[in-house]
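Below are the chains, spelled out letter by letter.
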Amino acid sequence: MNTVTRLFDIPYYQQSKHPLECAFVTKYNGKWEKTSTQQYIQQLNVVSRGLLRLGIEKNDKIAVISSTNRTEWHVLDMGILQIGAQNVPIYPTINLEDFEYILNHSECKYCFVSDKELCDKITSIKDKLPLLKTIFTFDEVQHAHHWHEILTLGADESNQAEVEARKETIHKDDLATIIYTSGTTSRPKGVMLSHWNIISNIINCQDRLPIKEGSTALSFLPVCHVFERMLTYLYQYDCLNIYFAESLDKISDNFREVKPHIVTVVPRLIEKIYDKIFSKGAELKGLKRKLFFWALELGFQYEPYKANGAWYEFKLKIARKLIFSKWREALGGRIEMIVSGSAALSPRLAKVFSAAGLKIMEGYGLTETAPVIAVNRESGRYWKIGTVGKPIINIEVKIAEDGEILVKGENVMLGYYKDEAQTADNITDGFFHTGDIGELDSEGFLKITDRKKEIFKTSGGKYVSPQLIENQLKLSRFIENAMVVGEGEKMPAAIIQLNFPFVKEWARRHKVTIGSTNEDIAKSEIVHNRIAQEVAKVNSHLGKWEQVKLFDFTPDEWTIDGGHLTPTLKLKRRIIKQKYIDIYNKFYNK
């Protein structure tokens, strides 16, 4: 096979181009178990045959919900796609109300879940899901249907001709998947992506992610998110060995075991890795401590393409040998590329990690664009820290009069499922309205400045971009998360979730009493005064009308389960404001 136009063509393409012994590798019971390209193809055909015997018709919807990335997800995915059904991946962390809405709205006939906890959740709402026939599990769960039932159904090869016939009826522009975006203000929307939406994006990203065949990727971001899903397809297309991390708790061990060449991350993970490194460095004594902080300061000044000159590069060489080499070792020692997406990455962190030889290429995209719009690349001077790179080939990006980023290309979605009005509102003349505000600089690099819907106006008529200010606040190690408010009010204010473990450690080191509970810490005047210094630092870089004049702390941590954050860790602004309306009212004497 030489041409790939449908997603299920990818495994066959890999088999003809560069078959792998480790197409997928997942750890079960403490042991890494590999699946070769040949086994992958055999298994996905077993799944297709089993699903046909189950009665799956073309355009039926099947939900897949997994707490971790694993081989079964991808085998099932391809088995679904090559018989013309659609995979509806769902975040495992959403609430029961959203599970019910998505499963009913998409009209899923079957649901595959990874484990007992998810099985129990979906079972608890089964009577509210009239179209859902059966729940299957990947793990062995007592009294539950196991996915091996599908494999048993498909073991008999006598209906393989039916699989082949079904494949022949599927075209590149047919619907492949419906991905529900995590709504920050409303119900999730079902984004319809065709096979070619995603395949074209893979092909158009080839020059931005130059990876050698046979390299190793470590996958740990949720594969239900289009960012990780498209990249796992790209890894397969480029013939990479894909290892699936066990969990975020074990990610450090997995890095050392797998020694990947490429990983994809979200900025929050980079922030957490940096915090751990900083904490260890802060515990050093004497010369080692001085060297650590000298290397950090040097790293924060990093510029690509040796722009800082020979003397800087000489010092950097020393810093890499003495300090930064340990950073690389912690991530397995073979990292060639880190790709960051989903949210804005702090330029300071991009610089210091790149100085350490862990070069982070930031990109930008949305579920509706399958997903990549732009991404940095080191070669050819396509890398500028603080931007999301240049738009990829074969797509058109323009900036509307109000600053909104508009995108046209083969990667733009088919539309929103069962919502023609929303589709028409978001796509005009073939251009998708991203909802993001940005600019293209003189060299063609794209920079994202804010979300269109999140920019607000104070009572003085001045516009404020909350995300810009929040990102600056979160650079402080004292602050885990922040939400800037003030629409229609005299001035901006910030509701802040402290980094409680770090604040406690800071208090211990400085021998100050702030209380033992999060509630005590949130009320502590000592903590308030210290955070005031952090806020003042941020304010010094802002216009007078943008400066945060008031702030207060929440006693609890902001989580997905708590409803504060979407599964992609974006702020649910309306819900956060409702939860802490007392703090908001105190800001503005309401």
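Above: the structure in question.
Residues numbered from 1 in each chain as written. Predicted model: local features only at pLDDT ≥ 70, side-chain atom pairs only at ≥ 80, totals over all residues. Heavy atoms only, no water.

Participant: Describe the overall build of the protein chain, listing the residues and the values that go with them.
Facilitator: Summing up its helical and strand segments, the protein chain has 21 helices and 27 strands in all. Taken over C-alpha atoms, the radius of gyration comes to 25 Å for the protein chain, in line with the 25 Å a tight globule of 590 residues would show. Summarising its shape, the C-alpha atoms of the protein chain cover approximately 75 × 60 × 50 Å along the three principal directions. Buried positions account for 56% of the 590 residues belonging to the protein chain. In the protein chain, 66% of the contacts between residues at least 6 apart in sequence involve partners at least 24 apart. About 25800 Å² of surface is accessible on the protein chain, with carbon and sulfur atoms providing 51% of the total. Charged side chains of the protein chain number 79 positive and 74 negative; the gap between the two group centres comes to 7 Å. (Helix = DSSP H or I, 4+ residues; strand = E, 2+ residues; numbered from the N terminus. Rg over C-alpha atoms; globule rule 2.2 N^0.38 Å. Buried < 20%, exposed > 50% of the residue type's maximum accessible area, 1.4 Å probe, protein only. Contact = heavy atoms within 4.5 Å. Areas by Shrake-Rupley, 256 points an atom, 1.4 Å probe, with all protein chains shown as cover. Lys, Arg positive; Asp, Glu negative; His and termini not counted. Charge placed at Lys NZ, Arg CZ, Asp CG, Glu CD.)

Participant: With reference to specific residues and values, describe the pattern of salt bridges.
Facilitator: Charged atoms that come close allow side chains of opposite charge to pair. Enumeration according to the criterion identifies 32 salt bridges in this entry. Arg573 serves as the salt-bridge partner of Glu470, at 2.8 Å between the closest nitrogen and oxygen. One end of the pair, Glu470, is in helix H16 (residues 466-473); the other, Arg573, is in helix H20 (residues 573-579), with 103 residues separating them in the sequence. The exposure classification of Glu470 matches that of Arg573, with both residues buried. Between Arg508 and Glu505 there is a salt bridge, and its shortest N-O distance comes to 2.5 Å. Here Arg508 pairs with Glu505, and both are found in helix H17 (residues 500-509), just three residues apart, close to one helical turn. Put simply, Lys27, Glu246, Lys250 and Glu257 are held in one network by salt bridges that share partners. (Salt bridge = Lys/Arg side-chain N within 4 Å of Asp/Glu carboxyl O.)

Participant: Requested: an account of a nonpolar patch on the surface, with residues and values cited.
Facilitator: Among the surface-exposed residues, Trp294, Trp311, Phe314, Ile318 and Leu322 lie close enough to one another that they form a single nonpolar patch of about 510 Å² accessible area. Within the secondary structure, Trp294 sits in helix H12 (residues 286-300). (Patch = residues over 30% accessible without salt bridge, like charges linked within 9 Å, V, L, I, M, F, W, Y side chains within 5 Å.)

Participant: If you had to explain the sheet that holds strand S11 (residues 241-244) to someone new, which residues and values would you point to?
Facilitator: Strand order across the open sheet formed by nine strands is S2-S1-S11-S10-S12-S13-S14-S15-S16, with mixed pairing between neighbours. The open sheet is flanked by strand S2 (31-35) and strand S16 (390-391), the only strands paired with a single partner. Bridge count between strand S10 (residues 216-219) and S11: four bridges; the pairing is parallel. For Ser219, the partnering residue across the bridge sits in S11 and is Phe244. (Pairing = 2+ DSSP bridges.)

Participant: Pulling in residues and values, what's your account of H16?
Facilitator: Buried within H16 we find Pro466, Ile469, Glu470 and Leu473. Down the axis, H16 shows its buried residues gathered within 100 degrees of arc, on one side only. (Arc of directions from axis to C-beta.)

Participant: Please give an account of the packing of H12 against helix H14 (residues 347-355) that cites residues and values.
Facilitator: Two elements in contact, H12 and H14, have axes separated by 7 Å at closest approach and are oriented at 115 degrees. Crossing hand, H12 versus H14: right-handed. On H14, the residues touching Leu296, Gly299 and Phe300 of H12 are Arg348, Lys351, Val352 and Ala355. Grouping the amino acids of the contact of H12 with H14 by side-chain chemistry returns four nonpolar, one polar and two charged. (Axes fitted to C-alpha atoms, helices over the stretch in contact; angles between N-to-C directions. Left-handed = near helix turned anticlockwise from the far one by under 90°. Nonpolar A, V, L, I, M, F, W, Y, C, P; charged D, E, K, R; others polar.)

Participant: Run through the packing of aromatic side chains, naming residues and quoting values.
Facilitator: On inspection of all chains with the given rule, the structure shows 24 aromatic pairs. For the pair Tyr110 and Phe136, a centre-to-centre distance of 6.1 Å together with 35 degrees between the ring planes defines the contact as tilted. Note that Tyr110 is positioned in strand S5 (residues 108-113) and Phe136 in strand S6 (residues 134-137), a separation of 26 residues in sequence. A residue is classified by how much of its surface remains accessible, and Tyr110, at 6% relative accessible area, is buried. The structure contains a cluster of three or more aromatic residues connected by ring pairs, namely Tyr110, Phe112, Phe136, Phe138 and Trp147. Note that Arg377 overlies the ring of Tyr382, its terminal NZ or CZ placed 4.2 Å from the centroid. (Phe/Tyr/Trp six-rings, centres within 6.5 Å; stacked < 30°, edge-to-face > 60°. Lys NZ or Arg CZ within 6 Å of the ring centre and 35° of its normal.)

Participant: Can you tell me about unusual backbone geometry, naming the residues and giving the values?
Facilitator: With an omega dihedral of -20 degrees, the bond running from Ala370 to Pro371 counts as a cis peptide bond. Secondary-structure assignment places Pro371 in the loop between strand S14 (360-365) and strand S15 (372-375). One non-glycine residue with positive phi stands out, namely Lys418, at about 60 degrees. Of note in this structure, Lys511 is not a glycine but carries a positive phi near 55 degrees. By secondary structure assignment, the location of Lys511 is in the loop between H17 and helix H18 (518-523). Residue classification places Lys511 among the exposed residues on the basis of a relative accessible area of 74%.

Participant: I'd love a proper account of the sheet that holds strand S25 (residues 479-485), names of residues and values included.
Facilitator: Two modes of strand pairing occur in sheets, parallel and antiparallel, and in both the strands are linked by backbone hydrogen bonds. Taking strand neighbours across the sheet as the criterion, the three strands line up as S25-S26-S27 in an open arrangement whose pairing is mixed. Bordering the open sheet on either side are S25 and strand S27 (550-553), each of which pairs with just one other strand. Across the sheet, the axes of successive neighbouring strands diverge by a mean angle of 25 degrees, strand direction being ignored. Taken together, the six bridges between S25 and strand S26 (residues 493-498) define a ladder with antiparallel strand orientation. Residue pairing across strands places Ile479 opposite Leu498, the latter belonging to S26. In the packing of H16 onto the sheet, the strands contacted are S25 and S26, and the crossing angle to S25 comes to about 155 degrees. Across the sheet, helix H19 (residues 525-539) is in contact with S25, S26 and S27; its angle to S27 comes to roughly 130 degrees.

Participant: Can you tell me about the pairing of strand S4 (residues 86-89), naming the residues and giving the values?
Facilitator: The alternating pattern of S4 places Gln86 and Val88 on one face and Asn87 and Pro89 on the opposite face, and all of these are buried. Bridging between strand S3 (residues 61-65) and S4 involves four bridges; their strand directions are parallel. Counted as the bridge partner of Val64 is Pro89 from S4.

Participant: Go over a negative patch on the surface, please, and point to the residues and values.
Facilitator: A cluster of acidic side chains, namely Glu519, Asp520, Asp556 and Glu557, defines a negative patch on the protein surface. Counting through the fold element by element, Glu557 comes out in the loop between S27 and H20.

Participant: Explain the pairing of strand S9 (residues 189-194) residue by residue, including any values.
Facilitator: Of all the six residues making up S9, five are buried; the element is thus mostly covered by neighbouring parts of the structure. Two elements, strand S8 (residues 175-181) and S9, share six bridges in a ladder whose sense is antiparallel. By the bridge assignment for S9, Tyr180 is matched with Gly190. Two strands pair when backbone bridges link them, and S9 and strand S19 (residues 415-416) are joined in this way by two bridges, in the antiparallel orientation. Bridging across to S19, Met192 finds its partner in Gly415.

Participant: Tell me about the nonpolar core, and name the residues and values.
Facilitator: Phe112, Phe220, Phe324 and Trp327 are the most contacted members of the largest nonpolar core, which totals 123 residues. Excluding residues that lie within four positions of it along the chain, Trp327 makes contacts with Tyr274, Ile277, Leu296, Val352, Phe353, Ala356 and Leu358. Listed in part, the 27 residues of the second largest apolar core include Val464, Ile469, Leu473 and Trp506. (Core = buried A, V, L, I, M, F, W, Y, C linked by side-chain atoms within 4.5 Å.)

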